[in-house]
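# Residue-level structural notes
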Amino acid sequence: MSVKDILKDKASSVLSIEEDRNVLEATQMMVGAKVGSLIVTFQGKLVGIFTERDLMRVVAKDHSNLDKIKLKDVMTTQLTVAGPDEDVDDILNNMITKRFRHMPVLDGDKIIGLISIGDAVKTKLTRTQAEMSILREYMYGPH
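Within each chain, residues carry numbers counting from 1 in the order of the written sequence. Whole-chain, interface and lining totals are the exception, using all residues; otherwise, since this is a predicted model, local features are given only for residues with pLDDT of at least 70 and side-chain atom pairs are given and counted only at 80 or more. Only hydrogens and water are removed before side-chain values are computed, so all heavy atoms of the structure are retained for them.

### Comments concerning the UniProt feature "domain: CBS" (unreviewed entry) in the protein chain
Rules: UniProt positions are given in the numbering used here, feature names are shortened, and annotations may be inferred rather than shown by experiment. Secondary structure follows DSSP: runs of H or I at least 4 residues long count as helices, runs of E at least 2 residues long count as strands, and numbering of each begins at the N terminus.
The UniProt entry lists residues 6–66 and 75–131 under the feature "domain: CBS" (unreviewed entry), expressed in the numbering used here. Within residues 75–131, the helical portion is 46% and the strand portion 23%, while the C-alpha atoms at the span's ends are 40 Å from each other.

Okay, structure coming up:
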C-alpha cells in the first residue's frame, strides 16, 4: 500500500498555518481540530511543521508569551517528507527510526496531505489482516 492509500481514508483538507502566526494561534487551531500538528507555510509553500513536541519546548522555556512567539522561530524545519507513491512500510520505518510522528506529503512542491504514525500503523494493520484472511482461506477453504 502507498501513501495515497492512507490519504484516501483521511479528510481531504490539510491544516496549515503561515509561519508569521504565533504559537497561541497555532495551539488553538490544533486543539479546535483535535490534531497533534500543523503544517507551517510561507506563501503557501511548506517551510516547517509545528507539533505538540514543539509546543512543549516553547512552554517549558517561556509559557507567558505564547501570543508573541512566532512559529517561524520555534517550528521544526528539518523535515522528512513523503511522496504519494511511497510504500507505507518505508514511511513507518522512517518515522520509527527517526523518532517523529507526523510527515507531510508532497506531490512535487504541492502539499497534498499529512500522515501520522497512527495512520501508517492502521493501514499496515488493515493490510496484514487482509493478507491473513486470504492465507486462512487458501489453507482451510472458505468458512
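Alright, that's what it looks like, and here's the rest.
### Comments concerning the pattern of salt bridges
Which entries qualify depends on this criterion: A pair is scored as a salt bridge if a Lys or Arg side-chain nitrogen falls within 4 Å of a carboxyl oxygen belonging to Asp or Glu.
Throughout the structure, instances matching the rule amount to ten salt bridges. A salt bridge links Lys 8 to Asp 5; the nearest nitrogen and oxygen atoms lie 3.3 Å apart. Of the two residues, Lys 8 and Asp 5 both sit in helix α1 (residues 3–8), three residues apart, roughly one turn of that helix.

### Focus on helix α2 (residues 23–33)
Definition in use: For each residue, the accessible area found with a 1.4 Å probe, counting protein chains only, is set against the maximum for its type, and the residue is called buried under 20%, exposed over 50%, and partly exposed in between. Directions are taken from the helix axis to each C-beta atom, and the arc is the one they span. Should any heavy atoms of two residues lie within 4.5 Å, those residues are counted as being in contact. In the analysis that follows, any N or O atom pair within 3.5 Å is treated as a polar contact, provided that within protein one partner can donate a hydrogen and the other can accept it, and provided that, for residues neighboring in sequence, both atoms belong to side chains.
If you check which residues of α2 are buried, you get Val 23, Ala 26, Thr 27 and Met 30. Taken around the axis of α2, the buried residues stretch over an arc of 100°, which confines them to a single face. Structural note: α2 exposes Gln 28 and Gly 32 on the side pointing more than 90 degrees away from its buried face. At its buried positions, α2 is contacted by β1 (16–18), β2 (37–42), β3 (45–51) and α3 (52–62). The backbone nitrogen of Leu 24 has a side-chain oxygen 3.0 Å away, supplied by the residue at the start of α2, namely Asn 22.

### A short note on the layout of surface pockets
Condition: Buriedness of a pocket was judged along seven lines, with at least five required to meet protein on both sides within 12 Å; pockets are open sets of points on a 1 Å grid over the protein atoms alone, cavities are sets where a 1.4 Å probe fits but cannot get out, and lining residues have an atom within 4 Å of a point. Grid points are joined across faces, edges and corners, and a volume is the space filled by probe spheres set on the points. Basically, the charged four are Asp, Glu, Lys and Arg, the nonpolar ten are Ala, Val, Leu, Ile, Met, Phe, Trp, Tyr, Cys and Pro, and anything else, Gly included, counts as polar.
There is about 380 Å³ of room inside the largest pocket. Those elements that provide at least two residues to the lining of the largest pocket are β2 and β5 (110–116). Tallying contributions element by element places β5 first for the lining of the largest pocket, with five residues. Partitioned by chemical class, the residues of the lining of the largest pocket number ten nonpolar, seven polar and two charged. Taken as a whole, the second largest pocket spans an internal volume of roughly 230 Å³. Lining the second largest pocket are 15 residues, with Ile 49, Thr 51, Thr 76, Phe 100 and Arg 101 sitting closest to its centre. When contributions to the lining of the second largest pocket are tallied by element, the ones reaching two or more residues are β3, α3 and β4 (102–107). A total of three residues in the lining of the second largest pocket trace back to one element, the largest contributor, which is α3.

### Topic: the sheet that holds β2
Strand pairing in a sheet is mediated by backbone hydrogen bonds. Such pairs are either parallel or antiparallel. Counted only if it meets this: Paired strands, in this sense, are two strands between which DSSP finds at least two bridges. Axes here mean lines fitted to C-alpha atoms, for a helix over just the part in contact, with angles spanning 0 to 180 degrees between N-to-C directions.
Pairing is mixed across the open sheet formed by three strands, whose spatial order is β1-β2-β3. A single partner strand is all that each edge strand has here, and the edge strands are β1 and β3. Each neighbouring strand pair of the sheet contributes to a mean axis angle of 35°, computed without reference to strand direction. Sheet topology note: the β1/β2 ladder contains three bridges and is parallel. When the bridges of β2 are listed, Ile 17 appears paired with Val 40. The strands that α2 touches are β1, β2 and β3; relative to β3, the one it contacts most, it runs at about 75°.

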